Amino acid sequence: MDKKNLLTKRVKSTVYGLSSVVIMLIVFAIFAVLNMFQGISFLSPSNLSTILNQASFLVIVGIAQAIVILMGGINLSIGSVMALTTVMWGDMLLKTSEVNPLIPAAMVILTAAAIGYISGLLITKLRITPYIATFAVMYACRGLAWVYLRNRVIYGVNQAFRDLLVGRLFRVAGFNVTMPMLIALIALLAFFLILRGTTLGRKWYFTGANPTAARFSGINTDRMINIAYTVSSALAGFAGLMYMARLNSTEPGLAGDTHFEAITVSLIGGFAMAGGYGNIWGVAGGAIVVYTIQSGMNMLRLPGELQALINGVLIIFAVYLNQTLSKKKMELDNDLSDARMAQRQHSMLKEGASR
Amino acid sequence: MTSQKRSVRLSGLPNSTYIFIIVFVAASIIVPLFFTPGNISTLLTQACALMLLSTAMSVCLMMGGIDLSLGGVVSMTGVIMAMLLRGGAAPSLAILAGLLSGMVVGFLNGVVVTRMKVPSFIATFGMGGIAQSIANTLSEKRTVSWAAPTETNLLTLLGDNALTVQFGDSAAYTLSISVLLVLTIFIIAVVLLLFYRTTLGSNTYALGANEETARLAGISPNRWKTGIYVGAGFLAAIAGMVLMIRTNSLQPMIGENLEFQAVVAAVLGGNSLKGGKGSIPGAILGALTLFTVRNAMSLSGVNTSVVMVVIGCTLIVGMVINEVVQYYAAEKSKARAGIHAL
């Protein structure tokens, strides 16, 4: 096999590996062209920054879902945890409150983590399927939030707290850099490092790929699953704070569809439902895709009913493309490693002959 | 010997039997108006749609798939039927069109899952969004109602009561079995016969347990999967019809979240999301459990948000009972195996 062929294969394999980026570019291209006919510049810096800003919120919930999907589970309680925790401590985060907003914020995250730990226990100790366990937790949390707040809405969040979470940092050539973008970037980086560089991360991947094998090789899989659900839920609590800061209010119905969005984001981002496969940066791509679709269709002034239709088609198409590409990448990687092996054998033979 | 027999019977019943009995007895004792003929007939008629959907869902789950488009299909087929009726079409024609459209969506599900190899979770989820959005677009998100028929036709026939038995003079003491309930039971019976008396059942279990071995054993996964999704679409369309006739009008969001309740009912009934095990009767009992909880709580005037919490807790208790039953069944069979070994 000649070198040029190998090189193109290597490039192709890298491109296929970035499937969520490919999907992102395709979606961008579609909406840029469609909007061009309407005379709207979709790719203007201000619009791009809006998309990135909104996608940042999805990145946080996307990571929360992705780490659970990585363990072969699913977390349906994300949205309702966001609602319950912010509703519980929301009064302390208001302008009228005397308490330092960091205290209720910490309590929100701790409460969310506790709920996640309960989900983890339901799954590992009581052996309930993740889908059902988190569904039950979702119902319970949403119900409790309604019971707690009745029909009230918590409104008027502390401004300093809002600035901290959703404020604008600076502006470059019409492109606004905002706090959510920074937070999302930090979160992505942190989880990239955790998954890539720590034993915890490697154990997560291993547990997700094959729980039995992981258990037999001495990993406490139950503990890994507990940690994953706790972290996922704590992230949901944090996302709840961000949503609350953005909306300047919270209510028991907050984030009604967020668990779906989170699932969509992580699946488009290349995480496999079966567990053990996925790259955290894919979540960023997935979040941008989901929000680009929403924003693109809003700009085209399509009726909301039709948006759901196009959304459905695009989700199916995106996951299809994702799968096809990752399969091709696997084939190419096999070829490449075969070629590498052949090369090594060849050179060894040569060495042997020269001796 | 007797204890052995009992243990066999214990593990033979669908898992949700126990939680259903517990919930039902508790509701009868605590809520005074619950165990009356009138309320039981209301409960059963309300549960019709969910029983049909959980039947469909449990077959999909056993096959190793999932059908999250069921709720969307219920809305879509309901809207199509209702709009045709409003336009003055013959009821039989409207119902036929609804059933066909449900099967078309099921077929598309099958194609996306088998040909495009998209995981069933996301394929049917997307398809459900598409179906729901078709329902919303056609009806412009408004309730569809139609002129009441002047003479007896298929609709009035289906909306009637098949049997009314008076136990007392008030409405609470009237047991009325609606035609819809009879129809639902008939359809479920047909599905059960097909499932347990033809190769459909064994092939479904085989596909769910291991698709590759099923394929090597000569079962065509693509054909069977597509067929099952078409069947699920058909059952969802029937559920849409039942809801439409029961409420005498159709609200386009009627199917929303129904697929989740169906999954919950099926899993409560011992179906695993990983496929290869479970039963249809279990799923139906699961559906009845959900409706018993809801009905009893609304009768006693409990706030709907508390109902949500209670349903969540019922689910967990139900799953724990499932686990305990399975554990004891396994222990018993282990003990028996030990005796045989000796």
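Bear in mind the structure is a predicted one, so any value in this text is a computation, not a measurement.

Peer 1: Sorry, what's going on with the overall build of chain B here?
Peer 2: Helix and strand content of chain B: 14 helices and two strands. Relative to its length of 342 residues, chain B is compact, with a C-alpha radius of gyration of 21 Å against a globular reference of 20 Å. Referenced to the eigenvectors of the C-alpha coordinate spread, the extents of chain B come out at roughly 75 × 55 × 35 Å. Burial statistics for chain B: of 342 residues in total, 50% are counted as buried. Within chain B, contacts between residues separated by at least 24 positions form 76% of all contacts whose residues are at least 6 apart in sequence.

Peer 1: When you look at the packing of helix α12 (residues 258-268) of chain A against helix α14 (residues 304-354) of chain A in this model, what are you seeing that I'm missing?
Peer 2: How two helices pack is summed up by the angle between their axes together with the distance between the axes. All names here are of chain A. Look at α12 against α14: their axes get within 9 Å of each other, and the N-to-C directions meet at 30°. What the angle tells us is that α12 and α14 run roughly parallel. Along the contact surface, α12 presents Thr264, Leu267 and Ile268, while α14 presents Ile315, Ala318, Val319 and Asn322.

Peer 1: When you look at the environment of phenylalanine 20 of chain B in this model, what are you seeing that I'm missing?
Peer 2: All names here are of chain B. Among the structural elements, phenylalanine 20 can be located in helix α2 (residues 16-30). Here phenylalanine 20 falls in the buried class, since 23 other C-beta atoms lie within 10 Å of it. Note: C-alpha distance between phenylalanine 20 and leucine 268 (248 residues apart in sequence) is 9.7 Å.

Peer 1: How do you make sense of the nonpolar core when you look at a structure like this?
Peer 2: A general feature of soluble globular proteins is that nonpolar side chains tend to end up buried together. Core analysis: the biggest nonpolar cluster contains 207 residues, and Val59, Ile60, Ile63 and Ala239 of chain A together with Leu50 and Leu53 of chain B have the highest contact counts within it. The contact partners of alanine 239 of chain A, leaving out residues within four places of it in the chain, are Phe57, Ile60, Val61, Ala64 and Met82 of chain A.

Peer 1: Honestly, helix α9 (residues 199-209) of chain B in this entry has me stumped. Any pointers?
Peer 2: Counting along an α-helix, one turn takes 3.6 residues, and residues three or four places apart therefore face a common direction. Within the sequence span of α9 of chain B, burial applies to Asn203, Thr204, Ala206, Leu207 and Gly208 of chain B. Packing partners of the buried residues in α9 of chain B comprise α3 (37-62), α10 (211-216) and α11 (221-247) of chain B.

Peer 1: What's the story with the environment of leucine 155 of chain B in this structure? I'm lost.
Peer 2: All names here are of chain B. Of note, leucine 155 is situated in helix α7 (residues 154-159). Since 22 C-beta atoms lie within 10 Å of it, leucine 155 is described here as buried. Taking C-alpha positions, leucine 155 is 10.0 Å from methionine 241, a pair spaced 86 residues apart along the chain.

Peer 1: Hey, could you run me through unusual backbone geometry in this one?
Peer 2: Only a minority of non-glycine residues have a phi that is not negative, and only a minority of peptide bonds are not trans. Residues and elements named next belong to chain B. Here lysine 117, not a glycine, exhibits a phi torsion of approximately 60°, which is positive. Positioned with a positive phi, lysine 141 is a non-glycine residue whose angle comes to about 60°. Tracing the sequence through the fold places lysine 141 in the loop between α6 (120-139) and α7. Since 14 C-beta atoms lie within 10 Å of it, lysine 141 is described here as partly exposed.

Peer 1: Got a minute to help me understand the pairing of strand β3 (residues 175-178) of chain A in this structure?
Peer 2: The two faces of a sheet get side chains in turn, since along a regular strand they alternate between them. Residues and elements named next belong to chain A. Here strand β2 (residues 168-172) runs beside β3; their pairing, made up of four bridges, is antiparallel. What sits directly across from arginine 168, in β3, is threonine 178. Counting the residues that bridge the hairpin from β2 to β3 gives two residues, and of these alanine 173 lies at a positive phi of roughly 50°.

Peer 1: Is there a simple way to explain the pairing of strand β1 (residues 161-166) of chain B in this structure?
Peer 2: Residue and element names in this part refer to chain B. A small share of β1 lies buried, amounting to zero of its six residues. Judged from the five bridges that link them, β1 and strand β2 (residues 174-178) form a sheet pairing that is antiparallel. The partner of glutamine 166 across the bridge, within β2, is threonine 174.

Here is what the cut-offs are and how they apply
- Counting restarts for each chain: residues are numbered from 1 in the order of the written sequence.
- Chains and ligands are labelled by the order in which they are written, letters from A for the one and numbers from 1 for the other.
- The predicted nature of this model means local features are confined to residues of pLDDT at least 70 and side-chain atom pairs, given and counted, to a pLDDT of 80 or more, with totals for whole chains, interfaces and linings taken over all residues.
- Counting from the N terminus, the helices are DSSP H or I runs at least four residues long and the strands are E runs at least two residues long.
- As a reference, a globule follows 2.2 Å times the number of residues to the power 0.38, and the radius of gyration itself is taken over C-alpha atoms.
- Using C-beta atoms placed from the backbone, we call a residue buried if 20 or more other C-beta atoms fall within 10 Å of its own, exposed if 12 or fewer do, and partly exposed for counts in between.
- Contact between two residues is assigned when their C-beta atoms, built from the backbone, lie within 7 Å.
- Every axis corresponds to a line fitted to the C-alpha atoms, with the helix fit spanning only the stretch in contact, and the corresponding angles, defined between N-to-C directions, vary from 0 to 180 degrees.
- Roughly parallel means an angle under 35 degrees; roughly antiparallel, over 145; roughly perpendicular, 65 to 115; everything else is oblique.
- We define the nonpolar core as any set of buried residues of the types Ala, Val, Leu, Ile, Met, Phe, Trp, Tyr and Cys, connected via C-beta atoms lying within 7 Å of each other.
- Two strands are said to pair when DSSP picks up at least two bridges between them.

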